[in-house]
Amino acid sequence: MSTGYPRPYGVTLLSLPPTPDPADWSPGNVQKWILWTEHQYRLPQLGKSFQELSGKELCAMSEEQFCQRSPVCGDVLHAHLDIWKSGGDSGWADSEVDSSCAGQPIHLWQFLKELLLKPHNYGRFIRWLNKEKGIFKIEDSAQVARLWGIRKNRPAMNYDKLSRSIRQYYKKGIIRKPDISQRLVYQFVHPL
DNA sequence: GAAAAGGAAATTG
DNA sequence: CAATTTCCTTTTC
């Protein structure tokens, strides 16, 4: 029994936008979302930098455009908005987020799968080598680590630490190194 | 020189 | 308490 619609992982309660799809947000809804995100992740005050923008316009903005309006945390806001987008290249059929795991911090393996799901946005950072076998390659380790740090609110995240977390999955049987070990290439033990 | 591999301790929800 | 995060040493690309 939650708020009625699925929310991104790691999201707790407070003043949430009225609809789950940011494309439906009015300029007022956008402001609400910004205030809420500011609070959740202790971001510096955004002020009116995103005034008068509809959700549709917001969704059309690139990370660069976000940073133009907010040099300090535009990248963080942009990454968080992407969590709310359900559409995109091949959005998650909102069954992914059930109330049972709502509020729990997202797992690294889930995050990686999210990025892999949106090749249009993240294909330059991480991509499938063999989707059927669950083999993927991290093309830009620094960028993936940066996005992971944003998601977990860990500004000091880097690939050294992210990769250590991936290695913790070895004994758990979640991710492994492919048969022919290659740098920056990993494999999900249970694809699909 | 960056990446892989783990041990160990600290942190966080 | 589990899942990282942080830090670090050694080895392999």
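Structural data are supplied above this passage.
Please read these numbers as outputs of a predicted model, since none were measured by experiment. (Residues numbered from 1 in each chain as written. Chains lettered and ligands numbered in written order. Predicted model: local features only at pLDDT ≥ 70, side-chain atom pairs only at ≥ 80, totals over all residues. Heavy atoms only, no water.)

(A) Broad picture of the protein's contact with DNA strand C. Looking at DNA strand C, there are 14 residues lining it, with Trp148, Lys152, Tyr169, Lys172 and Arg183 nearest. In DNA strand C, atoms within 4 Å of the protein come from the sugar-phosphate backbone in 71% of cases. The backbone of Leu108 places a nitrogen or oxygen atom 3.2 Å from a phosphate oxygen of DNA strand C. Ser165 places a polar side-chain atom, nitrogen or oxygen, 3.2 Å from a phosphate oxygen of DNA strand C. Sorting the residues of the surface near DNA strand C by element identifies α7 (141-152) and α8 (159-172) as the ones contributing at least two each. Here the element with the most residues in the surface near DNA strand C is α8; it accounts for seven residues. (Near = heavy atom within 4 Å. Polar contact = N/O pair within 3.5 Å; in protein donor to acceptor, adjacent residues only side chain to side chain. Helix = DSSP H or I, 4+ residues; strand = E, 2+ residues; numbered from the N terminus.)

(B) Structural context of the pattern of salt bridges. If you walk through the whole model with that rule in mind, you get six salt bridges. For Asp82, the salt bridge goes to Lys118, with nearest N and O atoms at 3.4 Å. Separated by 36 residues along the polypeptide, Asp82 in helix α4 (residues 74-84) and Lys118 in the loop between α5 (108-117) and α6 (119-122) bring together distant segments of the chain. Just as Asp82 is buried, Lys118 falls in that class too. Linking Glu114 and Arg151 is a salt bridge whose minimum nitrogen-to-oxygen distance equals 2.7 Å. Note that Glu114 is positioned in helix α5 and Arg151 in helix α7, a separation of 37 residues in sequence. Residue Glu114 shares its accessibility class with Arg151, and that shared class is buried. Residues joined by salt bridges that share partners form a network here, namely Glu63, Asp75 and Arg146. (Salt bridge = Lys/Arg side-chain N within 4 Å of Asp/Glu carboxyl O. Buried < 20%, exposed > 50% of the residue type's maximum accessible area, 1.4 Å probe, protein only.)

By themselves, these are just geometric observations and shouldn't be taken as functional.
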